[in-house]
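Now for the letters of each chain:
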Amino acid sequence: MPLAIDPQNTFRVWLDSDADIKPRPEFEFRYLTGRQFMAIVDLRDGDTDNIDSGSELLESIYKAMSESLCQLHHMGDHSITELPDLLTMPETMELFDKMLAGSMPDGETLGK
């Protein structure tokens, strides 16, 4: 079954600043489909022709992450819908980059 549609295939990332915290706060994501990945890469590369303001760009980034984010671990009772209220801007961009990197599985993940 393709990774992006298999609910059992997810990956976890964490912020660099949380690497030594036990238990480590983690963000669990589903793999992106090709279409999702293309749209997100456009955002990352600055292709924002249809976006009129910085706040619209940020909303697009949070929307893209929330479509792939499936669970928060070791963050109390916070919800995945609270990302804009939980993260600073540098943390948001770090998490965005890690979500993109994690969505490119290696051979082991693909079962090779």
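Our structure is the block above this text.
Residues numbered from 1 in each chain as written. Predicted model: local features only at pLDDT ≥ 70, side-chain atom pairs only at ≥ 80, totals over all residues. Heavy atoms only, no water.

A word on the sheet that holds strand β3 (residues 69-73)
In spatial order, the strands read β1-β2-β3; together these three strands make up an open sheet with antiparallel pairing. Each edge of the open sheet is held by one strand with a lone partner, namely β1 (10-13) and β3. With direction set aside, neighbouring strand axes in the sheet form an average angle of 25°. Note: strand β2 (residues 26-30) against β3, four bridges, orientation antiparallel. Along β3, the bridge assignment pairs Phe27 with Leu72. (Pairing = 2+ DSSP bridges. Helix = DSSP H or I, 4+ residues; strand = E, 2+ residues; numbered from the N terminus. Axes fitted to C-alpha atoms, helices over the stretch in contact; angles between N-to-C directions.)

Describing the pattern of salt bridges
As a working rule, side chains carrying opposite charge can pair if their charged atoms are close by. Counted by the stated rule, this structure contains six salt bridges. Taking the shortest distance from any N to any O, the salt bridge between Glu26 and Arg12 comes out at 2.9 Å. Here Glu26, found in strand β2, pairs with Arg12, found in strand β1; they are 14 residues apart in sequence, far enough to count as distant. Classification of Glu26 as buried rests on a relative accessible area of 9%. Given the relative accessible area of 41%, Arg12 is considered partly exposed. One salt bridge in this structure joins Arg24 and Glu26, with 3.0 Å as the shortest N-O distance. Within the structure, one salt-bridge network assembled from shared partners comprises Arg12, Arg24, Glu26 and Glu28. (Salt bridge = Lys/Arg side-chain N within 4 Å of Asp/Glu carboxyl O. Buried < 20%, exposed > 50% of the residue type's maximum accessible area, 1.4 Å probe, protein only.)

In short, geometric facts, not functional conclusions.
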